[in-house]
Amino acid sequence: MAKEIKTIGVLTSGGDAPGMNAAIRAVVRKSIVNGKKVKGIQRGYAGLLNEEIFDMTPRDVSDTIQMGGTILRTARCEEFKTEEGQKKGAEICKKHKIDGLVVIGGDGSYRGAQKLAAHGINTIGIPGTIDLDIACTEYTIGFDTAVNTAMQAIDKVRDTSSSHERCSIIEVMGRNAGYIALWCGVANGAEDILIPERYEFNEQEIINNIIANRKKGKTHHLIINAEGIGHSTSMARRIEAATGIETRATILGYMQRGGSPTCKDRYYASMMGAYAADILCKGETNRVVGYQHGQFVDFDIDEALAMQKEISPFQYEVSRMLAI
C-alpha cells in the first residue's frame, strides 16, 4: 500500500527562478485543501540540515505570486552531497514529521531528492531553472521570464550599437545550455549565435562574417554568446583588433534571474505545484513533474536524470538561415 502522507515539506534549491513563488503557493494551498499540513524549509537543503523549518498556512503565500525570486530563499549545500548529510536530512524530516517533500530546482536538486527518497522520505521534484536544460520537460519554471528579460535588454543594447556602428557581443545565462542564447538570437535578429552545443570555437569565421556584412552595408553586428562559452570581453578585444570595428561586450548576468514572472511562468508553475502536491498525497515518491505535448506529466527521477537533452537541429539551422 502507498505510504500515507500527513505533512508535506516544500523547499527551493539551487539557482532562483521567477515563478518559484507561484509553485510554492500552489503546493501549500493544494496540500492544505487535500487535508495535509505543510512546512516550509528555508534556504534549500542547507536550511533543512539547519532545521530552518516552519508551519505554512494559505495566508503565508498570499500576495507572492507576482514576486520574483523565492520567498523560501535558496542556497547551495556541499554537506548534502555526502551520505552523512543525506541521512541527517532524512532524520530531520522524520523529526519534524515531514512524510513527503516537494523540491523545486534543477538536476542537482533532483539528485538530493533522489537520495532522500532512498532514505524513506517521499519526494517529488518540480523543474525550477531558467536554463531549460532538464531533458524530461519542455518547460522549466523561470525560462519564459528570463528569456523575455534578456530579449528586452538586448533590444536596448542593439539601439546604441546601431547608432555607433559597433559590433556588440551580449552574453546571456544558461550555464552549459544554449536555449536562452538561441531564443534571444532569433528574437533579437542576431547575426551570430554562439551556443555550447554547436560552437566550434572558430573565431575567424565570426570575424569574416562581420567584415562581409560591413561590406554589404550593415552598420552594426550583434553576437549573442551563451554563458557556457563565455569570455565575451576578451573575444570583443580580439574581434576589434582583427576587424578595426569598435566592439563592446555586455554581460547581462543575474538580472536575468530577477523580475516579476510572466503570465506563463505563473500559470505553469501553479499547475506544476498543484500536480506535485496531488501525486505526493497519493503516496508517489522519487518522481519529477514535467510538461510534454500540452500535458503535465511525471517521471521517475532516475529515468529523468538519465535523459539527454539536445538543441533541435531544425531550430538551430533556422536561426542560422535567418541571420543571413
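Anything mentioned here points back to the structure above.
Residues numbered from 1 in each chain as written. Predicted model: local features only at pLDDT ≥ 70, side-chain atom pairs only at ≥ 80, totals over all residues. Heavy atoms only, no water.

With respect to the overall build of the protein
Along the backbone of the protein there are 11 helices and 11 strands. Taken over C-alpha atoms, the radius of gyration comes to 22 Å for the protein, in line with the 20 Å a tight globule of 324 residues would show. Projected onto its principal axes, the C-alpha coordinates of the protein cover approximately 70 × 35 × 35 Å. The buried share among the 324 residues of the protein stands at 53%. Accessible area of the protein: about 14,400 Å², with a carbon and sulfur share of 50%. (Helix = DSSP H or I, 4+ residues; strand = E, 2+ residues; numbered from the N terminus. Rg over C-alpha atoms; globule rule 2.2 N^0.38 Å. Buried < 20%, exposed > 50% of the residue type's maximum accessible area, 1.4 Å probe, protein only. Areas by Shrake-Rupley, 256 points an atom, 1.4 Å probe, with all protein chains shown as cover.)

Observations concerning the side chain of Thr243
Secondary-structure assignment places Thr243 in helix H8 (residues 232-243). A relative accessible area of 19% places Thr243 in the buried class. Separated by 3.1 Å, the side chain of Thr243 and the backbone nitrogen of Ile245 make a polar contact. Excluding residues within four positions of it along the chain, Thr243 makes contact with Ile207, Ile210 and Ile211. (Polar contact = N/O pair within 3.5 Å; in protein donor to acceptor, adjacent residues only side chain to side chain. Contact = heavy atoms within 4.5 Å.)

Here we look at the sheet that holds strand S5 (residues 122-127)
Reading across the sheet, the 7 strands line up as S3-S2-S1-S4-S5-S10-S11 and stay open at both edges, with mixed pairing between neighbours. With one partner strand each, in any of the chains shown, strand S3 (53-56) and strand S11 (295-300) form the two edges of the open sheet. Strand-to-strand twist in this sheet, taken as the mean axis angle between neighbours without regard to direction, amounts to 30 degrees. The sheet contacts of helix H4 (residues 107-118) involve strand S4 (100-105), S5 and strand S10 (287-292), and relative to S5 the element is tilted by about 170 degrees. (Pairing = 2+ DSSP bridges. Axes fitted to C-alpha atoms, helices over the stretch in contact; angles between N-to-C directions.)

Re the side chain of Glu171
By the secondary structure assignment, Glu171 is in strand S6 (residues 167-172). Within polar-contact distance, the side chain of Glu171 engages the side chain of Ser232 at 2.5 Å. Sequence-distant contacts of Glu171, defined by excluding residues within four places in its chain, comprise Asn225, Ala226, Glu227, Gly230, His231, Ser232, Thr250, Ile251, Leu252, Gly253 and Gln256.

Describing the pattern of salt bridges
Opposite charge on two side chains allows them to pair when their charged atoms are near. Inspection of every chain in the model, using the stated rule, returns 16 salt bridges. Salt-bridge contacts for Arg238 lead to Glu203; the nearest nitrogen and oxygen are separated by 2.7 Å. Here Glu203 lies in helix H7 (residues 203-215) and Arg238 lies in helix H8, a separation of 35 residues in the sequence. Note that Glu240 and Arg248 form a salt bridge whose closest N and O atoms lie 3.4 Å from each other. Glu240 gets classed as partly exposed once you look at its relative accessible area, which sits at 32%. Residue class for Arg248 comes out partly exposed when judged on its relative accessible area of 38%. Overlapping salt bridges, with partners in common, bring together Arg166, Glu240, Glu246 and Arg248 in one network. (Salt bridge = Lys/Arg side-chain N within 4 Å of Asp/Glu carboxyl O.)

Focus: the packing of helix H5 (residues 143-163) against helix H6 (residues 179-187)
Their axes nearest at 10 Å, the elements H5 and H6 cross at an angle of 45 degrees. Put simply, H5 runs oblique to H6. For the crossing formed where H5 meets H6, the hand is right-handed. The residues of H6 that touch H5, namely those facing Phe143, Ala146, Val147, Ala150, Met151 and Ile154, are Tyr179, Ile180, Trp183, Cys184 and Ala187. (Parallel < 35°, antiparallel > 145°, perpendicular 65-115°, else oblique. Left-handed = near helix turned anticlockwise from the far one by under 90°.)

Looking at the pairing of strand S8 (residues 221-226)
Of all 6 residues making up S8, 6 are buried, and the element is well covered by its neighbours. Alternating residues of S8 divide into His221, Ile223 and Asn225 and Leu222, Ile224 and Ala226, and every residue in both groups is buried. Of the strand pairs in this sheet, S6 and S8 are connected by 6 bridges, and their pairing is parallel. Directly across from Val172, in S8, lies its bridge partner Ala226. Pairing of strand S7 (residues 192-194) with S8 involves 3 bridges; the strand directions are parallel. Residue pairing across strands places Asp192 opposite Ile223, the latter belonging to S8. Crossover S7 to S8 through H7 is right-handed. (Right-handed = clockwise from strand over helix to strand, strands pointing away.)

Things to note about the pairing of S5
Extensive coverage of S5 is indicated by the burial of 6 of its 6 residues. Neither face of S5 is open: one carries Asn122, Ile124 and Ile126, the other Thr123, Gly125 and Pro127, and all of them are buried. At this point the chain moves from S4, through H4, to the parallel S5, and the crossover so formed is right-handed. Bridging between S5 and S10 involves 2 bridges; their strand directions are parallel. Bridging from a neighbouring strand, Gly125 pairs with Val288 of S10.

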